[in-house]
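What follows is each chain in one-letter form.
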Amino acid sequence: MTGVKNLRGCGAALTVFLGACSLAPPLKTPEVATGDAYKELGPWTQAEPADRLPRDSWWALYDNAELDELEKRLIAGNPTLAAALANYAQAKALADQARAGLYPTLGLNASIERARESVNAPLISNATPRYYDNNVLAGSVSYELDLWGQIRNEVAAAKANAAASAADLENARLSLIAQLTGDYIQLRSLDRNSAILDETVKAYSRALELTEQRHGAGIAPGLDVSQAQTQLNTARSQAAQTLAQRALMEHAIAALLGVSASTFSIKPQIVAITLPQIPSGVPATLLERRPDIAAAQRRMMAANANIGVARAAYFPTITLGGQGGFQSTRYSNWLSAPSSFWAIGPNALLSVFDGGLRRAQVAQARAEFDASAANYRGVVVGAFQQVEDSLATLNHYHDATVEEKAAVDAAQRTLDFALILYKQGATDYLTVVTSQTALLQTQLEALNLDTLQLNSSVNLILALGGGWKDSPRTASGKTLDGKDPG
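Note that the structure is predicted; figures quoted are calculated from it, not measured. (Residues numbered from 1 in each chain as written. Predicted model: local features only at pLDDT ≥ 70, side-chain atom pairs only at ≥ 80, totals over all residues. Heavy atoms only, no water.)

A. Inspection of the overall build of the protein at higher detail. A count of helices and strands for the protein gives 10 helices and 4 strands. Counting from the amino terminus, helix and strand elements in the protein follow one another as α-α-α-β-β-α-α-α-α-β-β-α-α-α. Taking as baseline every contact in the protein between residues at least 6 positions apart, the subset at least 24 positions apart corresponds to 83%. (Helix = DSSP H or I, 4+ residues; strand = E, 2+ residues; numbered from the N terminus. Contact = heavy atoms within 4.5 Å.)

B. Inspection of the nonpolar core at higher detail. One finds Trp58, Tyr62 and Val387 to be the most contacted residues of the largest nonpolar core, which totals 57 residues. Put simply, the parts of the chain that give this core at least two residues each are α2 (65-77), α3 (79-99), α4 (150-216), α5 (222-257), α7 (291-312), α8 (357-423) and α9 (429-463). Once residues within four sequence positions are removed from consideration, tyrosine 62 is found in contact with Leu67, Thr181, Ile185, Ile273, Thr274, Pro276, Leu454, Ser457, Val458 and Ile461. Listed in part, the 26 residues of the second largest apolar core include Leu208, Val408, Ala418 and Leu447. (Core = buried A, V, L, I, M, F, W, Y, C linked by side-chain atoms within 4.5 Å. Buried < 20%, exposed > 50% of the residue type's maximum accessible area, 1.4 Å probe, protein only.)

C. Expanded view of the side chain of asparagine 153. Along the polypeptide, asparagine 153 turns up in helix α4. Not counting residues within four places of it along the chain, the set of residues in contact with asparagine 153 comprises Ser22, Leu23, Ala24, Ala305, Gly308 and Val309.

D. View of the confidence of the model for the protein. When pLDDT is averaged along the protein, the result is 85; 86% of the residues meet or exceed 70. The spread of mean pLDDT over the elements of the protein runs between helix α10 (residues 472-476), the lowest at 36, and α5, the highest at 96. The low-confidence segment residues 1-19 (pLDDT under 50) makes 8 contacts with residues lying over four places distant or belonging to another chain. (pLDDT = per-residue confidence, 0-100.)

E. Local environment of the sheet that holds strand β3 (residues 317-328). Read from one edge of the open sheet, 4 strands run β1-β2-β3-β4, paired in antiparallel fashion. On the outer flanks of this sheet lie β1 (105-116) and β4 (340-349), each paired with one strand and no other. Neighbouring strand axes in the sheet, compared pairwise and without regard to direction, differ in orientation by 20 degrees on average. Where β1 and strand β2 (residues 131-145) come together, 12 bridges link them in antiparallel fashion. Bridge pairing in β2 places glycine 107 opposite serine 140. (Pairing = 2+ DSSP bridges. Axes fitted to C-alpha atoms, helices over the stretch in contact; angles between N-to-C directions.)

F. Geometry of the environment of isoleucine 344. Tracing the backbone shows isoleucine 344 in strand β4. Along the chain, isoleucine 344 and glycine 324 lie 20 residues apart, while their C-alpha atoms are 8.5 Å from each other. Non-local contacts of isoleucine 344, meaning those with residues more than four positions away in its chain, are made with Gly321 and Gly322.

G. Highlighting α8. For α8, with 67 residues, the first-to-last C-alpha span of 92 Å sits near the 99 Å given by 1.5 Å per residue. Glycine 425 sits one or two positions beyond α8 and adopts a positive phi of about 75 degrees. (Expected span 1.5 Å × (residues − 1).)

H. Representation of the packing of aromatic side chains in the model. Counting across every chain of the model gives 4 aromatic pairs. Note on tryptophan 58 and tryptophan 59: the rings are 6.5 Å apart at their centroids and 70 degrees apart in plane angle, and the pair reads as edge-to-face. On the accessibility criterion, tryptophan 58 (1% relative accessible area) is buried. Between tyrosine 331 and tryptophan 334, the ring centres sit 6.3 Å apart and the planes meet at 65 degrees, which makes this aromatic pair edge-to-face. (Phe/Tyr/Trp six-rings, centres within 6.5 Å; stacked < 30°, edge-to-face > 60°.)

I. Spotlight on the environment of isoleucine 219. Summarising the element assignment, isoleucine 219 is placed in the loop between α4 and α5. Given the relative accessible area of 56%, isoleucine 219 is considered exposed. The spatial distance from the C-alpha of isoleucine 219 to the C-alpha of lysine 423 is 9.8 Å, given a sequence separation of 204 residues.

J. Broad picture of the environment of isoleucine 253. For isoleucine 253, the location among the structural elements is in helix α5. Exposure remark for isoleucine 253: the relative accessible area of 0% places this residue in the buried category. Here the alpha-carbon distance between isoleucine 253 and serine 265, two residues 12 residues apart in the chain, equals 9.2 Å. Other than its neighbours up to four places away in sequence, isoleucine 253 contacts Leu180, Asp183, Tyr184, Leu187, Phe264 and Ile266.

K. Geometry of the pairing of β3. In terms of strand pairing, β2 meets β3 through 11 bridges, oriented antiparallel. What sits directly across from valine 141, in β3, is glycine 322. When β3 meets β4, the two strands line up antiparallel, connected through 10 bridges. Looking at the pairing, leucine 320 lines up with proline 346 of β4.

L. Spatial organisation of the pattern of salt bridges. Applying the stated criterion to the full structure yields 16 salt bridges. Between aspartate 96 and lysine 92 there is a salt bridge, with the nearest N and O atoms lying 3.9 Å from each other. Of this pair, aspartate 96 and lysine 92 both sit in helix α3, 4 residues apart, roughly one helical turn. (Salt bridge = Lys/Arg side-chain N within 4 Å of Asp/Glu carboxyl O.)

M. Main features of the side chain of threonine 451. Note that threonine 451 resides in helix α9. Once residues lying within four places of it in the same chain are set aside, the contact partners of threonine 451 are Ile185, Gln186 and Ser189.

N. Representation of unusual backbone geometry. A positive phi angle is found at aspartate 63, which is not glycine, with a value near 50 degrees. You can see aspartate 63 is positioned in the loop between α1 (2-19) and α2.

O. Here's a closer look at the packing of α4 against α5. The contact between α4 and α5 brings their axes to 8 Å, and the two run at 165 degrees. The angle between the axes of α4 and α5 places the two elements in the roughly antiparallel class. The handedness of the crossing between α4 and α5 is left-handed. The residue makeup of the contact of α4 with α5, split by class, is 21 nonpolar, 14 polar and 8 charged. (Parallel < 35°, antiparallel > 145°, perpendicular 65-115°, else oblique. Left-handed = near helix turned anticlockwise from the far one by under 90°. Nonpolar A, V, L, I, M, F, W, Y, C, P; charged D, E, K, R; others polar.)

Okay, here's the thing in structure tokens:
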């Protein structure tokens, strides 16, 4: 009896030991060299703990109540974001399906039948009843021993895919918020553009009146009038084109909010949008913040687990099963001991020859992992490029803006001198036209540089993963509601 107990104990220990096996290889994340600091620093400062901003409200840096309201509407109504949320729910459900394989399957069966045997059936004698009842009440249990880690690797792969889908959802949310912020900045830039052109049209109208008065007095030739008229008509055309661009941008914002462009409008007005000072942090923390990097890493984890699933096919599948219940042709003794039946025992299944199927499946799983690892490395390298690009453009656009605003002041002085000289008859109107053109171009270019700086700041925040605070949700694969996707 003692020997039997020892044998059972060894068998149980062996089962526990084998149950801990996993044929998935150790995960090796591709290394990407990172520096101690970004190459392009410009006027920006390194991130300090007190300067960190939560990802959920980074657009508040621009200090605009209307933008804040639009972002809330975007999160609530954007169709692309709703689709990403549904995709995450689907991935989470698939993870739940895979997890079910870790537990036994229980079943119940009950039937009440009235049957008739065929007279011509084999092994039927005259003594065999032609009509009889068959009443069955039974239960069954089945449990697959996960000796080779196949089920656990399937669960791990499903959980990693669900976490990747959660990161995809966060990445879609981040990208759409950045897109709306950029579109709103562009819309308000077009409003400022329109204001500049409106003032220019007024100034050109006054200049046209001046040339007409001088021409009527015989002081200026008709050429001056035609030149002034050309300037005025060109400015009016630019103003109309700007309104067309604004309409398109307004329609784009409506689509982002998930509403009809026919029912949506934003009142034109001059809005001051603050250019935020963005601490860029250190390169190493970028890997912890970017949701697209998190998604790529989790897909690499899923591919690695799938190698273990493919390897497990080389070993037998062992299932413990049992069934039992009551069966009788009469109701009177249906649930009695003589009517009981049962069966219990293990079942093993092993494929002996498959024509190289399992070998090909393992090769496929390895290739999928290599592809996911290469994709991860590509996403990381691209992320650093995006940060450096945004820092570089912010840095150089800042310097260009300083020079361009000085050029605007100089162009205004030049135009003032040209008008004085023209009124005094000391120069021709071509000088005035040239000065007017130069002033308008420098004004529009200065506005464009301001807009480029704001858009570059949005791109930098996007490249940094939506801020510079380490996000527990991204780092751990948590969902928007704070729950573990697995």
